[in-house]
Amino acid sequence: MRRNVKIVVGLLVTAAALGIPFVHQTPGGAESAKPAEAHLANVQGIQASYAAWRTKHEQEGGDHNVLVALGWFKGLSSERTEASGLAKLDFLGGTSTVDIQGLDAKSGWDVWLIDNQPGPLASFAPDPGDRMQKLGRLSQE
């Protein structure tokens, strides 16, 4: 179970670091979803949206304050856990803080940042070809 939580923590942190959005399904499922449509991009609209996002991002701390929610992920874990928490990453300062509740306090837990690399036989789960960086060991307070 310890390895599974490490994987989940690592992948969620990586997804946030890479800007990978999590998909939200509508309650009605595929039946109620509208078919995809192609539209020409409005350059001015995209530029305005980016400028608004950038301003808000910088007001909220920018890359000094990247927050990632942590928790069990069905597609990556072999065992269910109620553990959950929050990782705060400061990409410019090179620091991180991880706060997780619900882990077995008797076990040692490591936090990893995993950069999923493409390649033959590569998967969404951590593979030997992925870039991995141990952020540290969790301590109980």
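To keep things clear, this report deals only with the structure shown in the data block. Here the structure is a predicted model, which is why all the values come from computation and not from measurement. (Residues numbered from 1 in each chain as written. Predicted model: local features only at pLDDT ≥ 70, side-chain atom pairs only at ≥ 80, totals over all residues. Heavy atoms only, no water.)

## As for the overall build of the chain
This is how the line gets drawn: Elements are defined by DSSP. Helices are runs of H or I of four residues or more, strands are runs of E of two residues or more, and each kind is numbered from the N terminus. Here the term buried applies to any residue with accessible area under 20% of the maximum for its type, exposed to any over 50%, and partly exposed to those in between, with areas from a 1.4 Å probe on protein chains only. It only takes one pair of heavy atoms within 4.5 Å for two residues to be counted as in contact. All accessible areas in this document rest on Shrake-Rupley with a 1.4 Å probe, and a residue is counted as covered only by the protein chains that are shown.
Scanning the chain from terminus to terminus reveals two helices and five strands. Buried residues in the chain amount to 25% of all 141 residues. Sequence separation of 24 or more characterises 51% of the internal contacts of the chain that already satisfy a separation of 6 or more. Summed over all atoms, the accessible surface of the chain reaches about 10,400 Å², with 56% contributed by carbon and sulfur.

## Comments concerning helix 2 (residues 43-59)
What counts here: One less than the number of residues in a helix, times 1.5 Å, gives the span that helix is expected to have. Polar contacts, as counted here, are pairs of nitrogen or oxygen atoms within 3.5 Å of one another; within protein the pair requires one atom able to donate a hydrogen and one able to accept it, and residues that are adjacent in sequence qualify only if both atoms are side-chain atoms.
Compared with the 24 Å implied by 1.5 Å per residue over 17 residues, the 24 Å span of helix 2 between its first and last C-alpha is a close match. The N-cap of helix 2, judged by a side-chain oxygen 3.0 Å from the amide nitrogen of Gln44 a few residues on, is Asn42. Of the residues flanking the end of helix 2, it is Gly61, one or two places downstream, whose phi is positive at about 110 degrees.

## A word on the packing of aromatic side chains
For clarity, the cut-off: When the centres of two rings from Phe, Tyr and Trp lie within 6.5 Å, Trp using its six-membered ring, the rings pair. Their planes under 30 degrees apart give stacked, over 60 give edge-to-face, and anything left gives tilted. Cation placement over rings: the criterion is NZ of Lys or CZ of Arg within 6 Å of the ring centroid and within 35° of the ring normal.
One pass over the structure, following the stated rule, counts two aromatic pairs. Here the aromatic rings of Phe73 and Phe124 are separated by 6.4 Å at their centres, their planes lie at 50 degrees, and the arrangement is tilted. You can see Phe73 sitting in the loop between strand 1 (66-71) and strand 2 (84-90) and its partner Phe124 sitting in the loop between strand 4 (110-115) and strand 5 (131-137), a full 51 residues away along the chain. Positioned above the aromatic ring of Trp72 is the side chain of Arg80, whose terminal nitrogen or guanidinium carbon lies 4.2 Å from the ring centre.

## A short note on the sheet that holds strand 1
Selection rule: One requirement defines pairing of two strands: DSSP has to find at least two bridges between them. To obtain each axis, a line is fitted to C-alpha atoms, and for helices this fit is confined to the stretch in contact; angles are then taken between N-to-C directions over 0 to 180 degrees.
Judged by pairing direction, the sheet is antiparallel, and its three strands sit side by side in the order 1-2-3 without closing on themselves. Of all strands in the sheet, those with a lone pairing partner are strand 1 and strand 3 (95-101), marking the two edges. Here the average twist between neighbouring strands, direction ignored, is 15 degrees. Bridge count between strand 2 and strand 3: seven bridges; the pairing is antiparallel. Bridge pairing links Gly85 to Ile100 in strand 3.

## Structural notes on unusual backbone geometry
Its identity as a non-glycine residue notwithstanding, Leu121 has a phi of 65 degrees, on the positive side. With respect to the secondary-structure elements, Leu121 resides in the loop between strand 4 and strand 5.

## Section: the pattern of salt bridges
Rules: We define a salt bridge as a contact between a side-chain nitrogen of Lys or Arg and a carboxyl oxygen of Asp or Glu at a distance within 4 Å.
Under the criterion given, the structure shown has six salt bridges. Notably, a salt bridge pairs Lys56 with Glu60, separated by 3.7 Å at the nearest N-O pair. The salt bridge partner of Asp110 is Lys134, with a shortest N-O separation of 3.6 Å. Of the two residues, Asp110 sits in strand 4 while Lys134 sits in strand 5, which places them 24 residues apart along the sequence. Residue Lys134 is classed as partly exposed on the basis of its relative accessible area of 39%.

Function-wise, these values are silent; they only describe arrangement.
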